[in-house]
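The chain contents come next:
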Amino acid sequence: MYKDFDDTNMKTNSDTFEGNDTLEGRNPVIEAIRSGRNINKILIARGKKEGAIKQIIALAKEKGIVVQEVDRAKLDSISITGAHQGVIAYVSVKEYVDVDDILEIAASRREDPFILILDEITDTQNLGAILRTADATGVHGIIIPKRRAAGLTAAVAKASAGAVEYVPVARVTNITQTIEYLKTRNIWVVGTDSRGDKSYLESDLKGPIAIVIGSEGKGMGRLVAESCDFVVNIPMKGHVNSLNSSVAAALMMYEVLRQRKG
C-alpha cells in the first residue's frame, strides 16, 4: 500500500477535501449530475430555459437537487471563470483519490496501469485540457503535486468540459517518492523532455506505464527526471523548442493508446 509522506513533517496524505466549491458551465454541470456528484444547489439565470439549461433543470429534478433562478448579475458576481453560461452549481469539492486507488481501477478493468504524472502544471486551462484527453484515451488516473500546481478548481472543471468527473486524480506531497513507489509495482516511468534519448514514436510504451509531463515553463524537475526509467523527446522542426504541456501530454497519451491497440 502506498502512503504519501511529507519529507519535512512525515504526515500522511489525508487532506482530500478543501471544502465547498462551484462548477460553472453547462457541460460540467450536466456531467456532474449524471455522475452522481454531491450537488448542494444549482443557480440558473432568470429568463428563457432552452437547450442545455432545460436539460439541467430536468436532470436536477430527477435527482432531487434544488434549482434556484437568479439574476445573471448574481451569477457574474459569483463566477470565477467568467464563462458560466447561465449556470453555476454549488458542490462539494472533487475528492482526490490515493495512488493505490488508481492502481486498483486498472486491476478491476484487467488492464495494465496507464497513469499520467504532472510535474507542477500550474495553468488551469492546461490541466482541464489534459483531463479531457485523459478521459478520451483511457488513462486510469492522474497524479499531481500538492504544491506549486493547479488543483481541481471550478476553472479546471470548466476547461475539462466535464471530464474531471471521470478521471481520478491523486495529489501527493513528493512526486519523486511516488515515482519510486510506482516502480516497486512494476510500472515503467517515462519522462518527456527535449533532451530525451529518442523520439516517443520510436519508444516502447506498451505495458504498465506512467508518463511524466513537465511544467509549462521549465519542464520536469531534475530529481523527477533522474527518477524516470527513461526519457523521450517529441521531435520538432520549428523555431520554438517546447510545446504547450497539454499538447505534449495529448501526443504521449495517444501514442500509448495507439501502441496498446496495435
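Refer to the structure above for everything that follows.
Keep in mind it's a predicted model, so treat the numbers as computed, not measured.

## Here's the deal with the packing of aromatic side chains
Here comes step 1: Overall, the coordinates contain one aromatic pair when judged by the stated rule.
Here comes step 2: A ring pair is formed by Trp188 and Phe230, whose centres lie 6.4 Å apart and whose planes are at 55°; its orientation type is tilted. Of this pair, Trp188 sits in strand 8 (residues 188–192) while Phe230 sits in strand 11 (residues 230–233); the two residues are 42 residues apart in sequence, bridging distant segments of the chain.
Here comes step 3: Since its relative accessible area comes to 49%, Trp188 is described here as partly exposed.
Here comes step 4: The side chain of Arg171 reaches across the aromatic face of Tyr96, ending 4.4 Å from its centre.

## A short note on the pattern of salt bridges
Here comes step 1: Under the defined criterion, the tally for this structure stands at twelve salt bridges.
Here comes step 2: A salt bridge links Arg46 to Asp71; its shortest N-O distance comes to 2.5 Å. One end of the pair, Arg46, is in the loop between strand 2 (39–45) and helix 2 (51–63); the other, Asp71, is in the loop between strand 3 (67–70) and helix 3 (72–78), with 25 residues separating them in the sequence.
Here comes step 3: Of the residues examined, Asp71 reaches a relative accessible area of 47% and is grouped as partly exposed.
Here comes step 4: Between Asp204 and Lys206 there is a salt bridge, with its nearest N and O atoms 3.3 Å apart.
Here comes step 5: Among the residues examined, Asp204 registers a relative accessible area of 49% and is labelled partly exposed.
Here comes step 6: For Lys206, a relative accessible area of 47% translates into the label partly exposed.
Here comes step 7: Through salt bridges with shared partners, one network takes in Glu120, Arg148 and Lys218.

## Side note on unusual backbone geometry
Here comes step 1: A positive phi angle is found at Arg110, which is not glycine, with a value near 55°.
Here comes step 2: Positionally, Arg110 belongs in the loop between helix 4 (99–108) and strand 5 (114–118).
Here comes step 3: Located in the positive-phi region is Glu120, a residue other than glycine, with phi close to 65°.
Here comes step 4: Within the secondary structure layout, Glu120 lies in the loop between strand 5 and helix 5 (124–137).
Here comes step 5: Taking the relative accessible area as the measure of exposure, Glu120 reaches 17% and is therefore buried.

The rules behind the values
Residues numbered from 1 in each chain as written. Predicted model: local features only at pLDDT ≥ 70, side-chain atom pairs only at ≥ 80, totals over all residues. Heavy atoms only, no water. Phe/Tyr/Trp six-rings, centres within 6.5 Å; stacked < 30°, edge-to-face > 60°. Helix = DSSP H or I, 4+ residues; strand = E, 2+ residues; numbered from the N terminus. Buried < 20%, exposed > 50% of the residue type's maximum accessible area, 1.4 Å probe, protein only. Lys NZ or Arg CZ within 6 Å of the ring centre and 35° of its normal. Salt bridge = Lys/Arg side-chain N within 4 Å of Asp/Glu carboxyl O.

Function cannot be inferred from these measures alone, as they are strictly geometric.
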